[in-house]
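Chains, contacts and geometry: an overview
Below are the chains, spelled out letter by letter.
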Amino acid sequence: MAILVTGGSSGLGRALAERFAGDGNQVFINYHANDEAAAEAEAAVVAAGGVPHLIKADVGTVEGVREVIGVVREHCDRLDQLVHCAAKAVNGPLLELDPQELRESVTVNGLALVDLIREAGDLLGRGSVVFYLSSRGGRFVIPEYGALGTAKALGEHVVRYLAKELGPRGIRVITIAPGAVDTAALRSMFPDTYEERLAASAAANPLGRGVEMADAAALAEALCEPHLEMVNGQTITVDGGLSL
């Protein structure tokens, strides 16, 4: 089995890479800048029983996407899972953001999935599953979260269209939207309040705890089972019922 995870060096991406690493699976970890985090993710995949491949490239550009997929093609002729978890975190009111940074956020978070699937081409086949990682901000307004939230909303709708387009080929596309999780992106977006936000989410959760990265990874693993092949094009929230 082979899996590609963009933004796989930390946070939810790394959790998913580790989850699918067993039994000697090929795990392609794309990252943009943090070599130290990538090395730690590589070691974690090895410890979990997988064969890691680090790919340093910017999937916010078509050239970067082609570089990533080119490395995958060098090692395998099929992708069983493709996970788009890469994100560009930009916080602040929409009208006050740098225009270029806003556009980069929309591209990385909202449109790069199209480039990834197009360039992967025949690496994806019947039974392959594509996951897009979204967040609560894709459906609800969160102060200072406009760049990421609107991009995630776009990404969720891209998933719906791609699910229709790829369905005849037996390829499913699904959005997983975890609740607040302690990730580098969350810390970057809310450096002064992320601990308070996580604690508040945990305290308000009907199940009495906060969301963990393993919760989202476990869902992705389960959704790859053949008996769940009719789950397609959906946004599945993983938050213990907090958003209800």
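Above this note sits the structure.
Presented here is a report on the structure given in the accompanying data block.

Cut-offs used in this document
Residues numbered from 1 in each chain as written. Predicted model: local features only at pLDDT ≥ 70, side-chain atom pairs only at ≥ 80, totals over all residues. Heavy atoms only, no water. Pairing = 2+ DSSP bridges. Helix = DSSP H or I, 4+ residues; strand = E, 2+ residues; numbered from the N terminus. Axes fitted to C-alpha atoms, helices over the stretch in contact; angles between N-to-C directions. Contact = heavy atoms within 4.5 Å. Buried < 20%, exposed > 50% of the residue type's maximum accessible area, 1.4 Å probe, protein only. Right-handed = clockwise from strand over helix to strand, strands pointing away. Polar contact = N/O pair within 3.5 Å; in protein donor to acceptor, adjacent residues only side chain to side chain.

1. A closer look at the sheet that holds strand S2 (residues 26-31)
Spatial strand order, S3-S2-S1-S4-S5-S6-S7: 7 strands in an open sheet with parallel pairing. This sheet does not close on itself; its edge strands, each paired only once, are strand S3 (51-56) and strand S7 (235-238). When strand polarity is set aside, the average angle formed by the axes of neighbouring strands in this sheet is 20°. Along the sheet, helix H3 (residues 62-75) makes contact with strand S1 (2-6), S2, S3 and strand S4 (79-84), crossing S3 at roughly 150°. Strand contacts of helix H4 (residues 99-120): S1, S4, strand S5 (124-133) and strand S6 (172-178), with the helix running at about 160° to S4, the strand carrying the most contacts.

2. Some remarks on the pairing of S1
By the criterion of burial, S1 is predominantly enclosed, with 5 of the 5 residues buried. The alternating pattern of S1 places Ala-2, Leu-4 and Thr-6 on one face and Ile-3 and Val-5 on the opposite face, and all of these are buried. Pairing of S1 with S2, which is carried by 5 bridges, proceeds in the parallel orientation. Paired with Ala-2 across the two strands is Gln-26, which belongs to S2. What joins S1 to S2 is helix H1 (residues 11-19), and the crossover it makes is right-handed. As paired elements, S1 and S4 share 4 bridges and run parallel to each other. Along S4, the bridge assignment pairs Ile-3 with Gln-81.

3. Re unusual backbone geometry
You will see that Asp-23, though not glycine, has its phi angle at about 60°, which is positive. Residue position: Asp-23 is located in the loop between H1 and S2.

4. Observations concerning the side chain of Ser-128
The residue Ser-128 is located in strand S5 in this model. A distance of 2.7 Å separates a polar atom in the side chain of Ser-128 from the backbone oxygen of Leu-79. Excluding its chain neighbours within four sequence positions, the residues that come into contact with Ser-128 are Arg-78, Leu-79, Asp-80, Leu-123, Gly-170, Ile-171 and Arg-172.

5. Let's talk about the environment of Glu-196
Structurally, the position occupied by Glu-196 is in helix H7 (residues 194-204). Spatially, the C-alpha atom of Glu-196 lies 14 Å from that of Arg-209, the residues being 13 residues apart in sequence.

6. Side note on the environment of Gln-81
Residue position: Gln-81 is located in strand S4. Placed 24 residues apart in sequence, Gln-81 and Ser-105 show a C-alpha to C-alpha distance of 24 Å. In this view, Gln-81 contacts Met-1, Ala-2, Ile-3, Leu-4, Phe-20, Val-129, Phe-131 and Cys-224; residues no more than four positions away in its chain are not counted.

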